Structures are given as C-alpha cells and as structure tokens.
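The residues making up each chain are set out below.
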Number of protein chains: 2
Amino acid sequence: MTAPEQDGRRRKGERRRKLLIEATMRVIERDGLPAVSQRVVAQEAGVPPSAVTYYFPAVDDMLVAALTACNDDYLAGLAECAAAPDPLARLAELIVESSGPRRAYVAAEYELFLLAARHPALQAEATRWVGAVDAFLAPLVPDPVRRTGVAAAVEGLFLRCFYAADPPDAAGVHAILTTLVGGQASAAAETSQSRSADSGSSA
Amino acid sequence: MTAPEQDGRRRKGERRRKLLIEATMRVIERDGLPAVSQRVVAQEAGVPPSAVTYYFPAVDDMLVAALTACNDDYLAGLAECAAAPDPLARLAELIVESSGPRRAYVAAEYELFLLAARHPALQAEATRWVGAVDAFLAPLVPDPVRRTGVAAAVEGLFLRCFYAADPPDAAGVHAILTTLVGGQASAAAETSQSRSADSGSSA
DNA sequence: GCACTACTGGAGCAGTCGCTCAGGTTTTTC
DNA sequence: GAAAAACCTGAGCGACTGCTCCAGTAGTGC
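Definitions and cut-offs
Residues numbered from 1 in each chain as written. Chains lettered and ligands numbered in written order. Predicted model: local features only at pLDDT ≥ 70, side-chain atom pairs only at ≥ 80, totals over all residues. Heavy atoms only, no water. Helix = DSSP H or I, 4+ residues; strand = E, 2+ residues; numbered from the N terminus. Buried < 20%, exposed > 50% of the residue type's maximum accessible area, 1.4 Å probe, protein only. Contact = heavy atoms within 4.5 Å. Buried area = accessible area lost by both parts, 1.4 Å probe. Salt bridge = Lys/Arg side-chain N within 4 Å of Asp/Glu carboxyl O. Polar contact = N/O pair within 3.5 Å; in protein donor to acceptor, adjacent residues only side chain to side chain. Phe/Tyr/Trp six-rings, centres within 6.5 Å; stacked < 30°, edge-to-face > 60°. Core = buried A, V, L, I, M, F, W, Y, C linked by side-chain atoms within 4.5 Å. Patch = residues over 30% accessible without salt bridge, like charges linked within 9 Å, V, L, I, M, F, W, Y side chains within 5 Å. Areas by Shrake-Rupley, 256 points an atom, 1.4 Å probe, with all protein chains shown as cover. Lys, Arg positive; Asp, Glu negative; His and termini not counted. Charge placed at Lys NZ, Arg CZ, Asp CG, Glu CD. Least-squares fit on C-alpha atoms with pLDDT ≥ 70 in both. Expected span 1.5 Å × (residues − 1).

On to the environment of B:Leu112. All names here are of chain B. Considering the arrangement of structural elements, one finds leucine 112 in helix α6 (residues 103-116). The class of leucine 112 is buried, set by a relative accessible area of 0%. With 48 residues separating them along the chain, leucine 112 and valine 64 place their C-alpha atoms 8.4 Å apart. Those residues in contact with leucine 112, other than ones at most four positions away along the chain, are Leu67, Asn71, Leu122, Glu125 and Ala126.

Put into structure tokens, the structure is as follows:
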C-alpha cells in the first residue's frame, strides 16, 4: 500500500502530465487554441504522440486540464494580491504581466471563458474565477453594483493588456482601478490608497 | 463599363460571399472558432467546398472577413447607441443582447481580440473598436482615466453576458454603467443622461 | 524469484484538413 | 453571333487529425 506520491511510477507520471499541460499552454500562446492537437503538443513536450493519449483520453480532456491549471494559477495570484499591503497596486501588476511573461495564461484564460459557454466543466471554472474576483473586491468596494462593474473592468483590462499594441503600464492600470473603486476621485489622484480605512467602516 | 454593383455576375458573387460569412458566424457560435473549416462552412451554407475556396483563397481570409464583418456590425450598433436619447441605456441593451440573439457576434468579437494578438489585420480591427468605444464615452466621461476604466468594464460586461449561466438584465447593466460613469453616485442613480452633445462621434 | 501495476511508444486506421486544378456555366461586352 | 469576364464545381492529392492497439519497459509488492 504505497502512497501515490511515494510510488516512483506515479511520480514520474505526474511529472510528465505536468510537462504536457505546460506544453499545451505554450502552444496556445504561440499559435492559439485551434492549433492544439495531440501530435503538436507531443512534439512541443518532446514525447511521442501516444503518450498524450495515455494521459488525456481525448484532446478535450487535455484542454480542460490545461485551462483549469491556468485558472488555478490565476486564483493563486489573486490570493497573493489580497494579502499584499496595497491589494489594488498588486492587482495592477498582475494585470500588466499579461502583456509580458504571462501572455500564455491570459490567452488560455479567455479561451476558457469562450469555451465555458459550451463546456460545463469550464463553466464552473469561470464561475470560480468570477467569484474570487468579487471576494477580492468586496472589502474595497462595498456597493455590489459598483463592485460588479469594477470586476468587469478587471476582465477588460486583462484583455486589453493582452492584445493592445501598446499596453498600459502598472501605474496606469492602478490609476484606473483606484478611480473606479474610489468613485468620487476624478482624475488619477496621487493619494496613495494604502490606508485601510474602508475595511473597518463597512465590513 | 458597367458599374460593379450593376453587374449581375458580381452581385451574385457578393450575395454568396455574404452567405458564406454568415455561415461562418453560425459555425463559430455553435462549435467555436476551431471548428471553422472550408468543408464545414460550405455545408453550413449549402454550397460545395470549392465555392469557399473561390471566395476566400485561404481559411484565414475567411476568418478575417467574418470577424471584420462582425466588428462592422458592432460599430454600427454603437453608433446607434450614441444617437439614442439615453445612450447608456441603449448600450446596456446592446450588451445584454449578447446572452441572446447576438451570441454569435460576441463569440466572434472575442475570438477577434484573441486572434488580434497574432494577426495584424485583426489588430487594426480591435483598435478600431476600442477607439469607437472611447469616442462613444467621451461626452459622458470627461476624465480619460475613468473613461478607459469604463471602456474596460464594457468589454468585461459583454464577456460576462456571453458566458455567465445567469446573465444580468438590461436594467442591471444600466445600473452598473451609470454607477461607474457617475462616479460619486453610489447606487443606480436615476439621472437621465440625455444630453445630446455626442452627435459628433462618427463611424 | 514472481505477479502486478504504471508507464512507454511505434504502427496504423479511418476520417478531415487546406488547397489545387481542369473544365463547366452564366452574364456581360462588343 | 463571338469573345471575355466572372462565377461555379467535382475530383483528388498530400498532410494532418483523433484515436486504438499492443508489444514492450520500469517500478512495486510479495
């Protein structure tokens, strides 16, 4: 009765499974979701095509696994933002990363949303993400109507950073977020929004 | 020297070209962008596969044409919103339609954004849409920082209406938009935003 | 040693893919 | 009428697709 994580065979399998998911993400980033196929991913990962079939019975399963993993990653990033001293500033950084090192993840995340309309398993993932964003914003934006609007803006900003020719920088995104959250603050106020006054007044 | 629009041959060709684009949109809505192929679109349109090749030398050309047509359609819708007595309310209706009769167009529009990162021709289309939204919001939101935020929220709301299991209704979207635009107005303010200073926005 | 399980990977099948091509029909021009 | 232009199509080629099958190998438990 060896535990799965101690079984050398299973550990090797898990490692390879992860390798395949990462390869899938790279393919999505480079050539888009339509380019994902067993053979392409296999070559990207440096494994024979049949290995892909072994870990993911169908291509669809591989896609779901990759997109779910991507969502996990984003949720972890969001949790990190919430724990930061200035959550909104950290979120702005996370958003801006979409134009650089994390391009693959944004592409995958939005392919996820698009696929969610047709795929029940991914519908749940999309809902999970939306719920997390709402929870993240709750302490900062008490009004639920405004909060939904800010959440929508976060989605839009992710998207814009991904496809725009000249994406905004972290400071710009931060200014936008504070403006939408603050409400009465008209222009990009230089007030560092680091005080936690709003967390106590309306909890 | 007959004008192209009077030539019976060309008119028939244009009609068929339009038919193919509409078929492409239907395929995108039903099975997603990866499902688009010459043969599938041909069957959807009820024409032989070679007819697709005749009008669109490559599948990529067909995709670009369909997505551009979709963008044209959205830009026309936005122009109509700007001309309405209450632009924001009309925009809310346009957004909510994404969960119903115009599902195909939202799917296509976001596939456009995703493809834009890789395809120059679609990059220009995406920029055109973003510019139009900005122009639409300009009279309503003077502050450019806030305006960019509201524009991002509009994108996010479109997306949410598309994939959400229970999408918001027009009144809800309208409340969100007025809250974000109004700034200090916390809940859905009843202020009718019916000034007609935005007649200059063209295209 | 043995049986058992997890993983490996080459071969191959039926189907679809994008795309070409040669020849056909309809419409316009002269 | 003839010639030209635009539109139309069935056949088919090589490449790729998802997926199956099955004879292997490596690691585990006894």
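Taken residue by residue, the interface counts 46 residues in chain A and 45 residues in chain B. For the chain A and chain B pair, buried surface summed over both sides reaches about 3600 Å², with 66% attributable to carbon and sulfur atoms. Summed over the shared surface of chain A and chain B, the result is 0 salt bridges. Joining chain A to chain B, the criterion identifies 4 residue pairs in polar contact (both at pLDDT 80 or more). Element by element, the count of residues in the side of chain A that touches chain B is highest for helix α8 (residues 144-163) of chain A, at 15 residues.

What follows is about the packing of aromatic side chains. Scanning the model with the defined rule gives 12 aromatic pairs over all chains in all. Centre to centre, the rings of A:Trp129 and A:Phe158 are 6.2 Å apart; their planes meet at 70°, and the pair counts as edge-to-face. Note that A:Trp129 is positioned in helix α7 (residues 120-137) and A:Phe158 in helix α8, a separation of 29 residues in sequence. Judged by relative accessible area, which is 4%, A:Phe158 ranks as buried. Judged by centre distance (5.6 Å) and plane angle (65°), the rings of B:Tyr74 and B:Trp129 are edge-to-face. Of this pair, B:Tyr74 sits in helix α4 (residues 59-83) while B:Trp129 sits in helix α7 (residues 120-137), placing them 55 residues apart in sequence. Considered together, B:Tyr74 and B:Trp129 belong to a single accessibility category, that of buried residues. An aromatic cluster of three or more residues is present, and its members are A:Tyr74, A:Trp129 and A:Phe158.

Let's shift gears to the nonpolar core. Ranked by internal contacts, the top residues of the largest apolar core, which has 137 residues, are A:Leu91, A:Ile95, A:Trp129, A:Leu177, B:Leu91, B:Ile95 and B:Leu177. Sorting elements by how many residues they give to this core places α4(B) first, with 12 residues. If sequence neighbours within four positions are ignored, A:Ile95 has contacts with A:Val154, A:Leu157, A:Phe158, A:Cys161, A:Val173 and A:Leu177.

Right, let's talk about a positive patch on the surface for a bit. There is a patch of like positive charges on the surface, built from A:Arg11, A:Lys12, A:Arg15 and A:Arg16. Tracing the chain through its elements places A:Arg11 in helix α1 (residues 8-31).

Turning our attention to the side chain of B:Glu109. Residues and elements named next belong to chain B. Within the secondary structure layout, glutamate 109 lies in helix α6. Buried and without a salt bridge, glutamate 109 has arginine 102 as its closest oppositely charged side chain, separated by 7.8 Å. Dropping the residues within four chain positions of it, glutamate 109 is found in contact with Cys70, Asn71, Tyr74 and Trp129.

Residue and element names in this part refer to chain A. With respect to the element layout, serine 98 can be found in the loop between α5 (87-96) and α6 (103-116). Here isoleucine 95 takes part through its backbone oxygen, which lies 2.7 Å from a polar atom of the side chain of serine 98. Ignoring any residue separated from it by four or fewer positions in sequence, one finds serine 98 in contact with Tyr74, Arg103, Val106, Phe158, Cys161 and Phe162.

The next subject is helix α5 (residues 87-96) of chain B. All names here are of chain B. Counting buried residues in α5 gives 9 out of 10 residues, a clear majority hidden from the surface. Where α5 is concerned, the buried positions are Pro87, Leu88, Ala89, Arg90, Leu91, Ala92, Leu94, Ile95 and Val96. On its buried face, α5 is in contact with α4, α7, α8 (144-163) and α9 (170-182).

Rotating chain A by 180° about the axis while translating it 0.0 Å along that axis superimposes it on chain B, leaving an RMSD of 0.1 Å. On this basis, the relationship between the two copies can be described by a two-fold rotation axis. The rotation axis passes nearest to the C-alpha of A:Ala153 in chain A, at a distance of 1.8 Å. Interface overlap between copies: 98% of the residues of chain A at the interface are likewise at the interface in chain B, consistent with a symmetric, same-surface contact.

Here the focus is α8(A). All names here are of chain A. Look at α8: 29 Å from first C-alpha to last across 20 residues, which is about the 28 Å you get at 1.5 Å a residue. With 17 of 20 residues buried, α8 lies mostly within the body of the structure. Taking the backbone nitrogen of valine 145 as reference, a side-chain oxygen 3.2 Å away marks aspartate 143 as the first, capping residue of α8.

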